[in-house]
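Structural description and commentary
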Amino acid sequence: MSVLKSRPVLRWLVPVTAVVTVIGGGAALGTFAAQAEPSLPPRTAAQLLVDLQTSRLEGLSGTVVQRADLGLPPLAGLVGGDGLTGLLTGTHTLRVWHSGPDRQRIALMDTLGERDVIRNGRDVWVWNSRSNTATHRTLPEHTAGADAPELPATPGEAADRALAAIDPSTEVSVGRSATVAGRDAYELVLAPRDAASLVHQVRIAIDAREHVPLRFEVFADGSDKPAFELAFTQVSYARPDADQFAFNPPPGVKVTEETAGKRPADVSGKQPDKRPDVRTVGESWATVVVARLDGAGTPDRAGTGTAPERAGKEATGDPAGKGSTGDPAALLGALPAVSGDWGSGRLLTGKLFSALLTDDGRLIAGAVTPERLYEVARG
């Protein structure tokens, strides 16, 4: 169980489509500039973990900036602008408000508009100013929260996931003190012991007085700059006014009522397909996900191509392969071809992950070296 379970900062239902469609942002890269280390009383890693577990957060508001440099090749464009790549590159800005377990709000700032996710008691609203649409759902009674968001919106959420995974495969230590959003902070450092992991360190800056995570950084092997960073640039611990969580649809907004528990629709309004056959191999930092795609390496009955070709078309949301991003099969074909005693396929690599799309219809991915993927493919 997560050590932050007693302090659920914005741990509530955030439809992934409201998060992954943030494009642009407005924060300058300089917001994460290093400052002089504050002088703080020494604390051990165990003490910092206890601080996180015992802290009590009544209210919070602030600005969060996320920056990602995962070293993705240009081929990542095949996923499309409204896909996950929206948050896998560049800098993005969010405004967050928290007032207890049943009142939270996230505003994802876009150069062309804003997307808000608001929970006020049992009411959850998702509003898109660009499309002038809103989705409303009413949560069941006695609902303290809902499914965790698929992408973290605050350093606290990101830290929660990392700390929940602490086990003997993780080395835990204390880093340098820091100043984040004008607050003195300790730094907790997590490092995988498994050499197959592409993660070098995870660094979590913790407010020295309030014990709230203020910054979350992931460093890749061989790099002294974070490949992923989520940090407050401004934070207040005053409880936000109730008006922040009251949403009244502006005139002309198209409102869709959604049944509680229903899977959120994608950006096109369609319900997601059922997940493919998915399993995991390994554990902790070296976990590898294996998904069996529809069919194998031969064209299917509908003649839509081999598994890698179909995967590319599905990624663009364009089964016919005629989207604006070009021919998905050609884009996938530009990925490096790899082969071995496990078979053959195409390899996509970034600073923090590797993904192998085999010709026999498997997608194998993890924050591990390609060599670990080949081992899994062989097995």
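This one's a predicted model, so the numbers in the text were calculated from it and none came from an experiment. (Residues numbered from 1 in each chain as written. Predicted model: local features only at pLDDT ≥ 70, side-chain atom pairs only at ≥ 80, totals over all residues. Heavy atoms only, no water.)

1. Section: the overall build of the protein
Secondary structure assignment for the protein yields 7 helices and 19 strands. Relative to its 379 residues, the protein shows a buried fraction of 46%. Taking the intrachain contacts of the protein between residues at least 6 apart in sequence as the baseline, contacts between residues at least 24 apart amount to 57%. Carbon and sulfur atoms make up 52% of the accessible area of the protein, which totals about 18300 Å². (Helix = DSSP H or I, 4+ residues; strand = E, 2+ residues; numbered from the N terminus. Buried < 20%, exposed > 50% of the residue type's maximum accessible area, 1.4 Å probe, protein only. Contact = heavy atoms within 4.5 Å. Areas by Shrake-Rupley, 256 points an atom, 1.4 Å probe, with all protein chains shown as cover.)

2. A short note on the side chain of Thr 63
Within the fold, Thr 63 resides in strand S1 (residues 60-69). What Thr 63 contacts, discounting residues up to four positions off in sequence, is Thr 93, Leu 94, Arg 95, Ala 231, Phe 232, Thr 233 and Gln 234.

3. Description of unusual backbone geometry
Residues other than glycine seldom take positive phi values, yet Ala 181 does so here, at roughly 55 degrees. Structurally, Ala 181 is set in the loop between strand S8 (178-180) and strand S9 (183-192). The phi angle at His 211 is positive, at roughly 60 degrees, despite the residue not being glycine. Tracing the sequence through the fold places His 211 in the loop between strand S10 (199-207) and strand S11 (213-220).

4. Comments concerning the pattern of salt bridges
Under the definition given, this model contains 16 salt bridges. Salt-bridge contacts for Glu 37 lead to Arg 176; the nearest nitrogen and oxygen are separated by 3.7 Å. Of this pair, Glu 37 sits in the loop between helix H1 (16-20) and helix H2 (45-54) while Arg 176 is found in the loop between strand S7 (170-174) and S8, placing the two residues 139 residues apart along the sequence. Exposure remark for Glu 37: the relative accessible area of 47% places this residue in the partly exposed category. Here Arg 176 falls in the exposed class, since its relative accessible area comes to 62%. The network of salt bridges with common partners includes Glu 187, Arg 203, Arg 215 and Glu 217. (Salt bridge = Lys/Arg side-chain N within 4 Å of Asp/Glu carboxyl O.)

5. Here's the deal with the packing of aromatic side chains
Counted under the stated rule, the structure contains 3 aromatic pairs. Centre to centre, the rings of Trp 125 and Phe 247 are 5.0 Å apart; their planes meet at 50 degrees, and the pair counts as tilted. Taken together, the positions of Trp 125 in strand S5 (residues 123-128) and Phe 247 in the loop between strand S12 (228-236) and strand S13 (254-258) put the pair 122 residues apart, joining distant regions of the chain. Phe 247 matches Trp 125 in its accessibility class, with the two residues each being buried. Seen from their ring centres, Trp 127 and Phe 247 are 6.0 Å apart, and the 45 degrees between their planes marks the pair as tilted. Pair noted here: Trp 127 is in strand S5 and Phe 247 is in the loop between S12 and S13, with a separation of 120 residues, a long-range link. For Phe 247, a relative accessible area of 14% corresponds to the buried category. Members of the aromatic cluster, each reached through a chain of ring pairs, are Trp 125, Trp 127 and Phe 247. Across from the ring centre of Trp 97, 4.8 Å away, lies the NZ or CZ of Arg 105, which sits over that ring. Here Arg 203 stacks its cationic end above the ring of Phe 219, 5.9 Å away from the centre of that ring. (Phe/Tyr/Trp six-rings, centres within 6.5 Å; stacked < 30°, edge-to-face > 60°. Lys NZ or Arg CZ within 6 Å of the ring centre and 35° of its normal.)

6. With respect to the environment of Val 253
Here Val 253 shows up in the loop between S12 and S13. What makes Val 253 buried here is its relative accessible area of 13%. Each C-alpha atom, one on Val 253 and one on Ser 129, is 8.8 Å from the other, the two residues being 124 residues apart in sequence. Setting aside its immediate chain neighbours within four residues, Val 253 contacts Trp 127, Asn 132, Thr 133 and Ala 134.

7. Digging into the pairing of strand S15 (residues 288-292)
Where strand S14 (residues 277-281) meets S15, 5 bridges bridge the pair, whose relative direction is antiparallel. Each residue of the ladder has a partner; that of Thr 280, found in S15, is Val 289. Between S14 and S15, which pair antiparallel and follow one another directly, the connecting turn spans 6 residues, one of which, Gly 282, has a positive phi of 85 degrees. Two strands pair when backbone bridges link them, and S15 and strand S19 (residues 362-366) are joined in this way by 5 bridges, in the antiparallel orientation. Across the sheet, Val 290 pairs through a bridge with Ile 364, a residue of S19. (Pairing = 2+ DSSP bridges.)

8. Considering the environment of Val 180
Positionally, Val 180 belongs in strand S8. When the C-alpha positions of Val 180 and Val 235 are compared, they lie 9.4 Å apart, and in sequence the two are 55 residues distant. Apart from residues lying up to four places away in sequence, Val 180 is in contact with Ala 205, Leu 214, Arg 215 and Phe 232.

9. Re the sheet that holds strand S17 (residues 343-349)
Read across the open sheet, the 6 strands follow the order S14-S15-S19-S18-S17-S16; overall the sheet is antiparallel. Every other strand in the sheet has two partners, leaving S14 and strand S16 (337-340) as the edge strands with one partner each. Here the strands of the sheet are splayed against their neighbours by 25 degrees on average, with no regard to which way each runs. Those strands touched by helix H7 (residues 370-378) are S14, S15, S16, S17, strand S18 (354-358) and S19, and its axis lies near 140 degrees from that of S19. (Axes fitted to C-alpha atoms, helices over the stretch in contact; angles between N-to-C directions.)

10. Side note on the confidence of the model for the protein
Mean pLDDT over the protein stands at 75; residues scoring 70 or higher make up 66%. The weakest mean pLDDT in the protein belongs to H1 at 26; the strongest belongs to H7 at 96. Scored below 50 in pLDDT, residues 75-85 shows 24 contacts in the model against residues more than four places distant or in partner chains. In this model, residues 263-270 is a region of pLDDT below 50 whose contacts with residues beyond four sequence positions or in other chains number 19 contacts. (pLDDT = per-residue confidence, 0-100.)

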